[in-house]
Amino acid sequence: MTAEPLASGNVNLTDVELDITGMTCSSCANRIERKLNKLPGVEATVNYATEKARVRAPEGADIEQFLEAVKAAGYSAVIPTPIIESPDSDAPATGDDRAQLLLRRLLISTALTVPVVLMSMIPALQFTNWQWLTLTLAAPVAVWGAWPFHRAAAINARHGAATMDTLISLGVLAAFGWSLYALFFGEAGKPGLTMTMTFFGTPHGGSSEIYLEVAAAVTVFILLGKYIEARASRESGAALRALLELGAKDAIVLRGSIEERIAVSSLIVGDRVVVRPGEKIASDGLVIEGNSAVDESMLTGESVPVEVGPDSRVTGATLNVGGRLVVEITRIGSDTELARLGRLVEDAQTGKADIQRLADRVSAIFVPVVLVLAVVAFVGWMIAGGPIELAFTSAVTTLVIACPCALGLATPTALLVGTGRGSQLGILISGPQVLEQTRAVDTIVLDKTGTVTTGEMRLSAIEVLEGENDELVLAWAAAVEAGSEHPVGRAVVAAAAQRGIELPAMSDFAAHAGSGVEATIDETVVLVGRASWLTTEQNQTVSDAALALVEKAEGAGSTAMVIAWDGQARGVLVVGDTVKATSADAIAEFIRLGLRPVLLTGDNAGAAASVASVVGITDVHAGITPQGKLDVIRQLQADGRVVAMVGDGVNDSAALAAADLGIAMGGGTDAAIAASDITVVSGDLLVVADAVRLAKRTLGIIRGNLFWAFAYNVAALPIAMLGLLNPLIAGAAMAFSSVFVVMNSLRLRRFKGSARTAATALTNVAPASAARARARE
């Protein structure tokens with residue numbers, strides 16, 4: 001169960017998740033949904049493909065009443081056991097059980113049906129009294145093989161409902177019942193009966209017609225379709241299961257100086273665990289000892305390991321590929337990042353888009369309409385003077401071919417595969433409605449810092465004055481800044497370290513807040529700071545050439561510091577936020593997708609213009625406050641634009657929530673992620689373009705599925721009612737329509753991300769990580 005309080009006016013609402021068993025088609029899901037929604041204050045959605053119900057009810061509502069409502073509809077419901085709490089469970093998945101049961105029933109039914117069909121089709125095989133052997137073989141298929149459909153139809157009939165199972169059961173029983181009548185009371189039981197099979201119905205027939213091959217073959221075709229559906233549903237949810245199964249199974253906990261191996265489920269907040277090279281980090285925590293590199297590809301899709309050390313935060317299930325770490329556990333179980341990502345993916349798969357709700361409403365009225373049409377076909381042929389065999393064939397064919405299984409599977413299967421593939425690429429879609437929002441987006445608004453740029457200060461240039469050595473200038477500047485905690489100072493020190501420059505010893509460090517720093521090196525006082533501070537307060541001479549360099553850097557939005565000693569400026573250090581390597585490519589991709597990029601930033605106009613020119617954005621808004629960002633979004637919407645907003649900070653939260661589509665960068669704040677519709681885990685802007693492409697591709701697959709499902713039923717019903725189709729062929733066609741929809745949805749598994757990080761697929765991470773772990777043991 002997932003229970004998360006949600007404010008709605010003065011009422012707190014809670015989301016409750018249920019696992020549903022006993023559903024055999026989307027009509028079952030619709031029936032359960034209607035039953036739950038009749039409860040006071042309840043808003044429920046039931047997904048046939050995932051076999052889950054999401055119930056939103058007032059906080060404190062009795063969960064038992066939800067279980068009873070499902071039971072009253074003729075089905076069963078249980079509160080799911082969180083997989084993340086017991087990663088070492090060996091219990092088989094429900095989807096696997098269902099697929100295995102269907103496979104066993106399918107194989108036995110097929111073995112019995114093949115000789116029935118062959119004898120009915122080929123006169124040469126029809127020996128004396130062959131029809132009684134076909135009855136012996138077909139009876140178990142029509143009764144036991146089709147039992148799931150008969151049982152579901154009976155349960156629904158007892159509750160005054162008709163579903164797709166009703167159509168299947170009636171069709172099989174009608175064909176089998178007519179055959180029994182013809183064999184025992186008609187001419188079909190006499191020796192010498194001869195039959196041939198036709199693909200199309202005929203306007204004539206004798207009183208000796210039997211339909212045992214129809215009853216058996218239709219059952220086999222539909223069982224085959226159901227089995228393929230079950231397997232496909234299992235495969236389409238593989239990304240979520242792979243995600244949840246990536247967690248470590250045990251951990252080495254420090255008890256004083258003693259190391260003890262325990263199950264991850266036994267960890268508590270505050271435990272200190274040892275993570276050796278090649279081992280997975282047991283749960284979210286803080287590094288308190290050691291330095292290493294951590295492979296976070298399962299989380300971000302980024303194949304390059306991240307360096308961590310004391311005070312670095314690490315995520316459970318990521319792989320330690322470097323040195324020994326001691327990690328203090330800060331989050332466990334359902335509070336971990338892995339569990340949160342799992343819930344996001346599952347929420348998206350369980351919900352319904354508006355387009356699916358339309359399909360559900362059509363399915364709800366379709367079955368009763370088909371029952372009426374079958375009766376109309378039978379009565380119509382009888383009134384027209386047609387033989388009873390043709391009237392019967394038309395009615396049975398109408399029942400069999402009209403089952404709208406494909407209609408019920410069109411959206412959830414595509415949604416399962418699309419969101420699963422998104423999680424593999426580090427794209428988390430919060431719900432199915434996001435797909436429809438993405439389709440209409442024509443403008444994408446981008447925050448600058450942390451979204452288009454890295455959000456980290458880096459040394460971009462060293463401009464030395466005449467007669468000075470750039471390596472000496474950087475070495476002395478870094479030595480002085482080594483005592484500073486300011487981001488600008490850290491950027492200078494990092495640049496020196498990257499170049500392998502050895503820093504001289506310094507002493508007498510002093511920081512002047514908002515102005516600069518000073519220290520003594522080789523008995524020389526060295527100052528690094530603003531040009532104005534050096535000239536007015538430190539009596540240093542800053543030449544016109546140095547001032548021109550400072551003005552140029554600040555005009556481009558960078559921070560310029562002057563280094564001076566012995567009364568004279570020696571060089572200018574330019575520090576600024578750097579554009580992400582993929583940002584320019586991402587902007588080009590947005591434009592190719594028909595999206596107009598807009599840059600929003602609280603930085604000055606020079607910094608904004610500099611970044612915009614690098615990445616190719618022409619519409620720039622600088623010096624914008626959080627309220628100003630919200631105003632820009634609303635103004636674009638007032639101008640008729642459908643806006644997507646991409647951001648990562650608390651100051652972006654309001655704009656993300658107000659936008660038609662909010663996209664948060666995964667490295668951003670919790671507030672930004674909570675306000676968004678899509679989260680890009682890696683923080684790579686090019687993956688945002690992948691997210692837009694994936695959402696549009698998924699919606700396109702859904703639309704194609706629905707078109708096929710609607711067109712199939714609309715075209716097939718008149719043909720069946722006119723008696724122009726054999727019921728056996730109708731059963732095969734109906735099963736094929738469902739299989740087609742499922743296979744079409746599975747095409748999304750081949751979606752390719754354009755970002756360099758997309759090469760690492762989630763499904764490949766688990767075995768690869770395990771292999772690395774074994775290699776180091």
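Residues numbered from 1 in each chain as written. Predicted model: local features only at pLDDT ≥ 70, side-chain atom pairs only at ≥ 80, totals over all residues. Heavy atoms only, no water.

## Observations concerning the sheet that holds strand S10 (residues 292–295)
At step 1: Strand order in the open sheet made by the three strands is S11-S10-S13, with antiparallel pairing throughout. Across the chains shown, the open sheet's two edge strands, defined by having one partner strand only, are strand S11 (306–308) and strand S13 (319–320).
At step 2: The pairing of S10 with S13 spans two bridges and is classified as antiparallel. Counterpart to Asp-295 in the pairing with S13 is Leu-319. (Pairing = 2+ DSSP bridges. Helix = DSSP H or I, 4+ residues; strand = E, 2+ residues; numbered from the N terminus.)

## Describing the side chain of Glu-33
At step 1: For Glu-33, the position within the fold is in helix H1 (residues 26–37).
At step 2: Polar contacts involving the side chain of Glu-33 include one to the main-chain amide nitrogen of Val-46, which spans 2.9 Å. (Polar contact = N/O pair within 3.5 Å; in protein donor to acceptor, adjacent residues only side chain to side chain.)

## Notes on the UniProt feature "transmembrane region" (unreviewed entry) in the protein
At step 1: Mapped onto this numbering, the UniProt entry annotates "transmembrane region" (unreviewed entry) at residues 106–124, 130–147, 167–186, 210–228, 362–384, 390–417, 706–722 and 728–746.
At step 2: The annotated region residues 130–147 carries 94% helix and 0% strand content, and the separation between its end C-alpha atoms amounts to 25 Å.
At step 3: The annotated region residues 706–722 carries 94% helix and 0% strand content, and the separation between its end C-alpha atoms amounts to 25 Å. (UniProt positions renumbered as here; feature names shortened; annotations may be inferred.)

## Focus: the sheet that holds strand S6 (residues 250–255)
At step 1: Spatial ordering of the open sheet is given by S7-S6-S8-S14-S9-S12, a layout of six strands whose pairing is antiparallel. Two strands lie at the open edges of the sheet, namely strand S7 (258–263) and strand S12 (313–314), each paired on one side alone.

## Things to note about a nonpolar patch on the surface
At step 1: Together, Val-114, Leu-118, Met-121, Ile-122 and Leu-125 line one region of the surface with nonpolar side chains, adding up to about 380 Å² of accessible area.
At step 2: With respect to the element layout, Val-114 can be found in helix H3 (residues 94–121).
At step 3: Residue classification places Val-114 among the partly exposed positions, given a relative accessible area of 43%. (Patch = residues over 30% accessible without salt bridge, like charges linked within 9 Å, V, L, I, M, F, W, Y side chains within 5 Å. Areas by Shrake-Rupley, 256 points an atom, 1.4 Å probe, with all protein chains shown as cover. Salt bridge = Lys/Arg side-chain N within 4 Å of Asp/Glu carboxyl O. Buried < 20%, exposed > 50% of the residue type's maximum accessible area, 1.4 Å probe, protein only.)

## Overview of the environment of Gly-602
At step 1: Within the element layout of this structure, Gly-602 appears in the loop between strand S23 (596–600) and helix H21 (605–615).
At step 2: For Gly-602, a relative accessible area of 53% translates into the label exposed.
At step 3: With 22 residues separating them in the primary sequence, Gly-602 and Ile-624 have C-alpha atoms 4.4 Å apart.
At step 4: With residues near it in sequence (within four places) discarded, Gly-602 still touches Gly-623 and Ile-624. (Contact = heavy atoms within 4.5 Å.)

## Details of the pairing of strand S20 (residues 524–529)
At step 1: With five of six residues buried, S20 lies mostly within the body of the structure.
At step 2: Sheet analysis places strand S19 (residues 516–521) next to S20, joined by six bridges and oriented antiparallel. Across the sheet, Ala-519 pairs through a bridge with Val-526, a residue of S20.
At step 3: Where S19 hands over to S20, the hairpin turn is made up of two residues, of which Asp-522 adopts a positive phi near 50°.
At step 4: Bridge count for S20 against strand S21 (residues 559–565) is four bridges, and the pairing is antiparallel. Looking across to S21, one finds that Val-528 is bridged to Ile-563.

## Examining unusual backbone geometry
At step 1: Notably, Asp-508 is not glycine yet its phi reads approximately 55°, a positive angle.
At step 2: Take Asp-508: it is sitting in strand S18 (residues 507–512).
At step 3: In this model, Asn-539 sits at a positive phi of 55°, which is unusual for a non-glycine residue.
At step 4: Its place among the elements puts Asn-539 in the loop between helix H18 (531–536) and helix H19 (544–555).

## Thoughts on the nonpolar core
Inside soluble globular proteins, nonpolar side chains tend to come together where they are buried.
At step 1: Within the largest apolar cluster, 48 residues are counted, with the highest numbers of intra-cluster contacts made by Ile-444, Leu-446, Phe-590, Val-646, Ile-678, Leu-685 and Val-688.
At step 2: The dominant element in this core, judged by the number of residues it contributes, is helix H25 (residues 685–721), at 13 residues.
At step 3: Excluding anything up to four places from it in sequence, Phe-590 contacts Ile-444, Leu-446, Leu-595, Leu-685, Val-688 and Ala-689.
At step 4: One finds Ala-99, Val-141, Met-195 and Val-396 within the second-largest nonpolar core, a separate group that totals 36 residues. (Core = buried A, V, L, I, M, F, W, Y, C linked by side-chain atoms within 4.5 Å.)

## Re the packing of helix H4 (residues 130–145) against helix H5 (residues 147–158)
At step 1: Close contact between H4 and H5 brings their axes to 5 Å; oriented N to C, the two are set at 40°. With respect to their mutual orientation, H4 and H5 come out oblique. Seen from H4, the contacting residues are Ala-142, Val-143, Trp-144 and Gly-145; seen from H5, they are Trp-147, Pro-148 and His-150.
At step 2: Of the residues belonging to the contact of H4 with H5, the class tally is five nonpolar, two polar and no charged. (Axes fitted to C-alpha atoms, helices over the stretch in contact; angles between N-to-C directions. Parallel < 35°, antiparallel > 145°, perpendicular 65-115°, else oblique. Nonpolar A, V, L, I, M, F, W, Y, C, P; charged D, E, K, R; others polar.)

## A closer look at the confidence of the model for the protein
At step 1: Put simply, the protein has an average pLDDT of 77, and 77% of its residues get 70 or more.
At step 2: At the level of individual helices and strands, the protein shows its lowest average pLDDT in helix H27 (residues 762–776), which scores 34, and its highest in H4, which scores 94.
At step 3: Here residues 300–304 is modelled with pLDDT under 50, and outside its nearest four sequence neighbours on either side it reaches twelve contacts, counting other chains as well.
At step 4: Below pLDDT 50 for its whole length, residues 755–777 participates in 40 contacts with residues either more than four positions away or in separate chains. (pLDDT = per-residue confidence, 0-100.)

## Some points on the pattern of salt bridges
At step 1: By the definition in use, this model includes 18 salt bridges.
At step 2: Between Glu-259 and Arg-324 there is a salt bridge whose closest N-O contact spans 3.5 Å. Residue Glu-259 is found in strand S7, and its partner Arg-324 is found in the loop between S13 and strand S14 (325–329); the two are separated by 65 residues along the sequence.
At step 3: By sharing partners, the salt bridges in this structure join Glu-17, Asp-19, Lys-52 and Arg-54 into a single network.

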